[in-house]
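What follows is the residue order along each chain.
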Amino acid sequence: MSISNSYIRAGIVCAVIFVGCVFRMFQKYGADWSSRHSALIMAILGFGLFISSLLVGTFSRRSEKPWPWWKVGIASFGCLLAVLCLMRLMQELQDRFHLR
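**Observations regarding the overall build of the chain**
Counting its regular elements, the chain contains three helices and zero strands. Helices and strands appear in the chain in the N-to-C order α-α-α. Taking the principal axes of its C-alpha atoms as reference, the chain extends roughly 45 × 35 × 15 Å. Every one of the 100 residues in the chain was classed for burial, and the buried ones make up 25%. Long-range pairs, those at least 24 residues apart, make up 70% of the contacts in the chain between residues at least 6 apart in sequence. For the chain, the separation between the mean place of its 11 positive charges and that of its 4 negative charges on side chains is 7 Å.

Put into structure tokens, the structure is as follows:
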């Protein structure tokens, strides 16, 4: 089965990353955190992966042929880290300049 749509490929890779992160998070911190903390972290991670899949899908679509799965995976993980760092930076700027 060949999936040629770049957005679907990026979405599948991001879904696998999400499941892996959530599984590891519950495995490591399951009893220590409340459901509110877990829901907040899953929402932040889900938003980051959604933006990441849109970025990777767009970049992959612009190439002549679909990117291989390994390239989509590396790009998705890199974009996720960049998006999460950008979200953290925005939070720090809000706290520093009292923009709330």
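**Notes on the packing of helix 2 (residues 35-61) against helix 3 (residues 69-97)**
Here helix 2 crosses helix 3 at 125°, and the two axes come no closer than 8 Å. When the axis of helix 2 is compared with that of helix 3, the two are oblique. Crossing of helix 2 over helix 3 shows right-handed handedness. Residue-level contacts link Ile-44, Leu-45, Phe-47, Gly-48, Leu-49, Ile-51, Ser-52, Leu-55 and Val-56 of helix 2 to Val-72, Ala-75, Ser-76, Cys-79, Leu-80, Val-83, Leu-84 and Met-87 of helix 3.

**A look at the pattern of salt bridges**
One pass over the full model with this rule turns up one salt bridge. Arg-88 is paired through a salt bridge with Glu-92; the nearest N and O atoms lie 2.8 Å apart. Of this pair, Arg-88 and Glu-92 both sit in helix 3, four residues apart, which is roughly one turn of the helix. On the basis of relative accessible area, Glu-92 is assigned to the partly exposed category, the value being 35%.

Calculation criteria
- Residues numbered from 1 in each chain as written.
- Predicted model: local features only at pLDDT ≥ 70, side-chain atom pairs only at ≥ 80, totals over all residues.
- Heavy atoms only, no water.
- Helix = DSSP H or I, 4+ residues; strand = E, 2+ residues; numbered from the N terminus.
- Buried < 20%, exposed > 50% of the residue type's maximum accessible area, 1.4 Å probe, protein only.
- Contact = heavy atoms within 4.5 Å.
- Lys, Arg positive; Asp, Glu negative; His and termini not counted.
- Charge placed at Lys NZ, Arg CZ, Asp CG, Glu CD.
- Axes fitted to C-alpha atoms, helices over the stretch in contact; angles between N-to-C directions.
- Parallel < 35°, antiparallel > 145°, perpendicular 65-115°, else oblique.
- Left-handed = near helix turned anticlockwise from the far one by under 90°.
- Salt bridge = Lys/Arg side-chain N within 4 Å of Asp/Glu carboxyl O.

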